[in-house]
Amino acid sequence: AQKVTQAQTEISVVEKEDVTLDCVYETRDTTYYLFWYKQPPSGELVFLIRRNSFDEQNEISGRYSWNFQKSTSSFNFTITASQVVDSAVYFCALSGAGANSKLTFGKGITLSVRP
Amino acid sequence: DAGVIQSPRHEVTEMGQEVTLRCKPISGHDYLFWYRQTMMRGLELLIYFNNNVPIDDSGMPEDRFSAKMPNASFSTLKIQPSEPRDSAVYFCASSLWGGAGELFFGEGSRLTVL
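Reference entry: report on the structure contained in this document. (Residues numbered from 1 in each chain as written. Chains lettered and ligands numbered in written order. Predicted model: local features only at pLDDT ≥ 70, side-chain atom pairs only at ≥ 80, totals over all residues. Heavy atoms only, no water.)

1. Brief notes about the overall build of chain B
Thinking step 1. The secondary structure content of chain B amounts to zero helices and 11 strands.
Thinking step 2. Scaling as 2.2 N^0.38, a compact globule of 114 residues should have a C-alpha radius of gyration of about 13 Å, and chain B matches this with 13 Å.
Thinking step 3. Dimensions of chain B, computed from C-alpha atoms along their principal axes, come out at roughly 35 × 30 × 25 Å.
Thinking step 4. Here chain B, with 114 residues, has 52% of them falling under the buried criterion.
Thinking step 5. A fraction of 53% describes how many contacts in chain B between residues 6 or more apart in sequence connect residues 24 or more apart.
Thinking step 6. Roughly 5,600 Å² of accessible area belongs to chain B as shown, and the carbon and sulfur atoms make up 50% of that amount.
Thinking step 7. Treating the 10 positive side-chain charges of chain B as one cloud and the 14 negative ones as another, the clouds have centres 3 Å apart. (Helix = DSSP H or I, 4+ residues; strand = E, 2+ residues; numbered from the N terminus. Rg over C-alpha atoms; globule rule 2.2 N^0.38 Å. Buried < 20%, exposed > 50% of the residue type's maximum accessible area, 1.4 Å probe, protein only. Contact = heavy atoms within 4.5 Å. Areas by Shrake-Rupley, 256 points an atom, 1.4 Å probe, with all protein chains shown as cover. Lys, Arg positive; Asp, Glu negative; His and termini not counted. Charge placed at Lys NZ, Arg CZ, Asp CG, Glu CD.)

2. A short note on the overall build of chain A
Thinking step 1. Helix and strand content of chain A: zero helices and 12 strands.
Thinking step 2. Along chain A, helices (α) and strands (β) appear in the sequence β-β-β-β-β-β-β-β-β-β-β-β when read from the amino end.
Thinking step 3. For chain A, the C-alpha radius of gyration of 14 Å lies close to 13 Å, the compact-globule estimate for 115 residues.
Thinking step 4. Principal-axis analysis of the C-alpha atoms places the extent of chain A at approximately 45 × 25 × 20 Å.
Thinking step 5. In chain A, buried positions account for 42% of the 115 residues.
Thinking step 6. By sequence separation, contacts in chain A at least 24 residues apart represent 57% of the contacts at least 6 residues apart.

3. Digging into the environment of Leu32(B)
Residue and element names in this part refer to chain B.
Thinking step 1. Mapped onto the secondary structure, Leu32 falls in strand β4 (residues 31-38).
Thinking step 2. A residue is classified by how much of its surface remains accessible, and Leu32, at 0% relative accessible area, is buried.
Thinking step 3. The spacing of Leu32 and Ser94 is 62 residues in sequence and 4.4 Å in space, taken between C-alpha atoms.
Thinking step 4. If we ignore the near neighbours within four places in the chain, the residues touching Leu32 are Cys23, Pro25, Ile47, Tyr48, Phe49, Met69, Ser75, Cys92, Ala93 and Ser94.

4. Regarding the state of the cysteines
Thinking step 1. Here the structure, examined in full by the defined rule, presents two disulfides over all chains.
Thinking step 2. Put simply, Cys23(A) and Cys92(A) are joined by a disulfide, and their sulfur atoms are 2.0 Å apart. A torsion of -65 degrees about the S-S bond marks the disulfide between Cys23(A) and Cys92(A) as left-handed. Placement of Cys23(A) in the loop between β3 (19-21) and β4 (24-26) and of Cys92(A) in strand β10 (residues 88-96) is noted, with a sequence separation of 69 residues between them.
Thinking step 3. The class for Cys23(A) is buried, based on a relative accessible area of 0%.
Thinking step 4. Given a relative accessible area of 0%, Cys92(A) falls into the buried group.
Thinking step 5. Here Cys23(B) connects covalently by a disulfide to Cys92(B), the sulfurs 1.9 Å from one another. On the sign convention where negative is left-handed, the bridge of Cys23(B) and Cys92(B), at about -70 degrees about the S-S bond, is left-handed. In this pair, Cys23(B) sits in strand β3 (residues 19-24) while Cys92(B) sits in strand β9 (residues 88-95), placing the two residues 69 residues apart along the sequence. (Disulfide = S-S within 2.5 Å.)

5. A closer look at the pairing of β10(A)
Residue and element names in this part refer to chain A.
Thinking step 1. Within β10, eight of the nine residues are buried, which leaves it mostly tucked inside the rest of the structure.
Thinking step 2. Both strand β5 (residues 32-39) and β10 contribute to a ladder of eight bridges, which runs antiparallel. The partner of Phe35 across the bridge, within β10, is Ala93.
Thinking step 3. As judged from the three bridges shared by β10 and strand β12 (residues 109-114), these two strands associate in the antiparallel manner. Its bridge partner being in β12, Ala88 is matched across the sheet by Leu111.
Thinking step 4. As consecutive antiparallel partners, β10 and strand β11 (residues 103-105) are separated by six residues. (Pairing = 2+ DSSP bridges.)

6. Considering the nonpolar core
Thinking step 1. Counting 24 residues, the largest nonpolar core has Leu21(A), Trp36(A), Phe77(A), Tyr90(A) and Leu111(A) as the members making the most contacts within it.
Thinking step 2. Elements supplying a minimum of two residues to this core: β2 (10-14), β3, β5, β8 (64-69), β9 (74-79), β10 and β12 of chain A.
Thinking step 3. For this core, the leading source of residues is β10(A), giving four residues.
Thinking step 4. Residue contacts for Leu111(A): discarding those within four places in its chain leaves Ile11(A), Val13(A), Val19(A), Ile79(A), Asp86(A), Ser87(A), Ala88(A) and Tyr90(A).
Thinking step 5. Counting 21 residues, the second largest nonpolar core, distinct from the first, contains Leu21(B), Trp34(B), Ile47(B) and Ala67(B). (Core = buried A, V, L, I, M, F, W, Y, C linked by side-chain atoms within 4.5 Å.)

Here it is as C-alpha cells:
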C-alpha cells in the first residue's frame, strides 16, 4: 500500500521568509512518481511538479525548489522569499508507474504568508 | 483550451434527496478521476475510469454512491439518498497517463446536505 505523510498541518511565516514543506512517503514499488499540488483559496488544485523515482536531482523553478531523497523517502518543497500569494494548501502525492496507477495524496499543509 | 468543467459549483440539498454531479474532462484525456475532499479525511479517490471503463471503485464509500461515464466527454457521480456526512467538495480530474501523469482538476462541486 502507498502512503504519504505530511506531518506539518499548518505553517505561518512572514513575507520574504523561506519555508520548507515536508513530505515522507511509503511504497513497495521500485518505480513511482512523486508530485506536489497547490490549492489556493479559490479551491482548484494546481499541479506544481512531478518527479520519477529514478531522478534524484533537485529541481528549482523560480522561488520553488524540491529536494528528493530516496534514502529517507522524502520529497520536500522549499519556497524561497515567500510571498502572500503563496498562501495555500500544499499537497504531496504519490503514484505507481503502471498504466492504471492511483494517485494518493497526503493530508496537505496549510501555508499562511503574512505581509 | 477549456479545462475540466464541473457542475454544479454549489449544491445545497436536504437529506434523502438525490444528488448528481457532472464532469466534462479535457478532450483527449483517457483517464477521469473523482475525488472527495473533507477536513477530516483530506482528498480521497472515489473512482476512476480509463477510456470510459471504471477501473477502480474501491474508494466509493457505499452503495449510495454510483458513477458513470457514458462517453469520453461526460461523467456523473450520483448520491442517492444523500446524507449530511456526504457534505464535501467533490473534484473531478482528467489525465493523459492515469495517476502517474499530471492530473488536471476541475474547480470542484461543493455539496452541502442538510
